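Working through the structure, step by step
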Amino acid sequence: MQRYSFNLSKFSILRKYKRVILFWSVMLMVVLAGYLAFIYYASMDDNPYKPQTDIKSENFNPLRTFKTPYFSFDADKSWKFVKKESTDNKFVYRSSKKNIVNSDLTVYVNSLPSDLLLTHVLPVKTRYDRFDVGDISGHCKDYLKDRIQPGNNNPMQGVVEGVSITCQVDGTSDTAGTGLVGGSYQTPLRGSRGTNQYYLLYHDLQFMPRYADFINIAWSFRAL
């Protein structure tokens, strides 16, 4: 009787282990099936779970390099060089979509435009042959509001993000220019042919300005 009782107990233990193994096997199959289903749906173009890092942004993946004897920079495919509006020391570029102009960029080398009024500033520092780029400022009038007299909307000299400029106080256009921190409009960069003064002027004509384009161009800008 004792021996039969021992065998029965052993059989019960084995049967319990089989149930546990079967349970965890089923759970593993369920988890694996769910994982495979997630991978399948994540690979579809219109699924809501697709990682945002898979989305390619032209702004951060330059498709074109513009080059002159003085400088080079990267921009997306919407930008084109406007030769008829350019000169030996002024280089004009334009971004369009479906024949609608979105923004303009003019690079001045050892020269400046006749109208230096700005509404925004992109502060930069010199880093050998490149710009060390800061953040785009807000509207310049916000920095000078303590000095602006009621009803006086005349252009005003002031310092915005460490850059001395002439602020278009009543300006509604999105006009931004690079400026040397501790200085003014032009920034000296040294290339293989010597040092030149560079100034980038950006006009955004869109309802929602895309200053990221200007910042990316400034980051990739290099004196040659």
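Before reading on, note that the structure itself is shown above.
Residues numbered from 1 in each chain as written. Predicted model: local features only at pLDDT ≥ 70, side-chain atom pairs only at ≥ 80, totals over all residues. Heavy atoms only, no water.

1. Regarding unusual backbone geometry
The cut-off we apply is this: Helix and strand assignments come from DSSP, with helices taken as H or I runs of at least 4 residues and strands as E runs of at least 2, each series counted from the N terminus.
Located in the positive-phi region is Asn 99, a residue other than glycine, with phi close to 65 degrees. Locating Asn 99 in the fold gives a position in the loop between β4 (90-97) and β5 (100-109). Here the phi dihedral of Tyr 128 falls at roughly 60 degrees; this positive angle occurs in a residue that is not glycine. Counting through the fold element by element, Tyr 128 comes out in the loop between β7 (120-127) and β8 (130-133).

2. Points about the packing of aromatic side chains
Note the following rule: A pair of aromatic rings is counted whenever rings of Phe, Tyr or Trp (Trp by its six-membered ring) have centres within 6.5 Å, and the orientation is called stacked for planes under 30 degrees apart, edge-to-face for over 60 and tilted otherwise. Each residue gets one of three labels from its accessible area relative to the maximum for its type: buried under 20%, exposed over 50%, partly exposed in between, using a 1.4 Å probe on protein chains only.
Following the criterion strictly, the structure yields 15 aromatic pairs and no others. With a centroid separation of 6.3 Å and an interplanar angle of 15 degrees, the aromatic rings of Phe 71 and Phe 73 are classed as stacked. Neither Phe 71 nor Phe 73 differs from the other in exposure class; each is buried. Connected via pairs of aromatic rings, a cluster forms that spans Phe 66, Tyr 70, Phe 71, Phe 73, Phe 81, Phe 91, Tyr 93, Phe 131, Tyr 198 and Phe 221.

3. A few points about the pairing of β4
Looking along a regular strand, one sees side chains alternate from face to face of the sheet. Here is the rule we go by: Strands are labelled as partners when DSSP assigns at least two bridges between them.
Here three bridges tie strand β3 (residues 79-81) to β4, and the two strands are oriented antiparallel to one another. Paired with Lys 80 across the strands is Arg 94, a residue of β4. Of the strand pairs in this sheet, β4 and β5 are connected by eight bridges, and their pairing is antiparallel. From the neighbouring strand, Lys 97 faces β5, where its bridge partner is Ile 100.

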